[in-house]
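One letter stands for each residue in the lines below.
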Amino acid sequence: DAGITQSPRHKVTETGTPVTLRCHQTENHRYMYWYRQDPGHGLRLIHYSYGVKDTDKGEVSDGYSVSRSKTEDFLLTLESATSSQTSVYFCAISGSGGGTYEQYFGPGTRLTVT
Amino acid sequence: AQRVTQPEKLLSVFKGAPVELKCNYSYSGSPELFWYVQYSRQRLQLLLRHISRESIKGFTADLNKGETSFHLKKPFAQEEDSAMYYCALKYGNKLVFGAGTILRVKS
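Described below are features of the structure shown in this document. Since the structure is predicted, the reported quantities are computational estimates derived from the model, not experimental observations. (Residues numbered from 1 in each chain as written. Chains lettered and ligands numbered in written order. Predicted model: local features only at pLDDT ≥ 70, side-chain atom pairs only at ≥ 80, totals over all residues. Heavy atoms only, no water.)

1. Regarding the overall build of chain B
In terms of regular secondary structure, chain B is built from zero helices and 11 strands. Starting at the N terminus, the α and β elements of chain B follow one another as β-β-β-β-β-β-β-β-β-β-β. Since a compact globule built from 107 residues should have a radius of gyration of about 13 Å, the 13 Å found for chain B is in line with a globular shape. Referenced to the eigenvectors of the C-alpha coordinate spread, the extents of chain B come out at roughly 40 × 30 × 25 Å. Taking contacts inside chain B between residues at least 6 apart in sequence as the whole, the part at least 24 apart equals 57%. Approximately 5500 Å² of chain B is accessible, and the part contributed by carbon and sulfur atoms is 47%. With 16 positive and 9 negative side-chain charges, chain B shows a spacing of 6 Å between the two charge centroids. (Helix = DSSP H or I, 4+ residues; strand = E, 2+ residues; numbered from the N terminus. Rg over C-alpha atoms; globule rule 2.2 N^0.38 Å. Contact = heavy atoms within 4.5 Å. Areas by Shrake-Rupley, 256 points an atom, 1.4 Å probe, with all protein chains shown as cover. Lys, Arg positive; Asp, Glu negative; His and termini not counted. Charge placed at Lys NZ, Arg CZ, Asp CG, Glu CD.)

This is the structure:
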């Protein structure tokens, strides 16, 4: 496995509370991504980063914010969690691509909002 | 807009039978397509990319631009092929994924 870890791996939280998920990489890759995985929807991009302090929105960014202050860390924050944000969250990383473009995935974080 | 469609949520086959997981895409540029696989309790991982024209674990996929398809095929399914399969399309430095197909291989 590429050097990607996610923390926490499981979390149960209440509606309205803030939650931060962390993605940490040891590969020095430029690009980092946050996805959510839901049945019937596959993986959907929430936010991504193309460098330190450089981030952009994905297709399902409402209710989420991100920060990347170091190459190795990409944080996903739910400012005020809602039940619709119950999901499995995956972090991924990639290099600059070319002919061997590949995204490498973390182990996932299962978040339950009650 | 770029889109990936996997029409089957679940595909159930017997061991030794042929497998075809369907993937269709919508993209105005030159497509670059991938298949990712997620085995039970494991991370999502790349299975194959069309640009490499490779065969991995007996799976192949051919890009058909006329039909905008990138179906995944294997002539003889094995029980260890049971997993969730995602088709993905690259745009810029991002991927858009289909909804995924669960492949269940029965003995």
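On we go from here.
2. Some thoughts on the sheet that holds strand 7 (residues 64-70) of chain A
Residue and element names in this part refer to chain A. What the four strands build is an open sheet, ordered 1-3-8-7; its pairing is antiparallel. Two strands lie at the open edges of the sheet, namely strand 1 (4-7) and strand 7, each paired on one side alone. Put simply, the sheet's adjacent strands are angled 20° from each other on average, direction ignored. The pairing of strand 3 (residues 19-25) with strand 8 (residues 73-78) spans six bridges and is antiparallel. Considered in strand 8, the bridge of Arg-22 is made with Leu-75. (Pairing = 2+ DSSP bridges. Axes fitted to C-alpha atoms, helices over the stretch in contact; angles between N-to-C directions.)

3. Some points on the pairing of strand 7 of chain A
All names here are of chain A. Where strand 7 and strand 8 come together, five bridges link them in antiparallel fashion. Among the inter-strand pairings, Lys-70 is bridged to a residue of strand 8, identified as Asp-73. The hairpin turn running from strand 7 into strand 8, its antiparallel successor, is two residues long.

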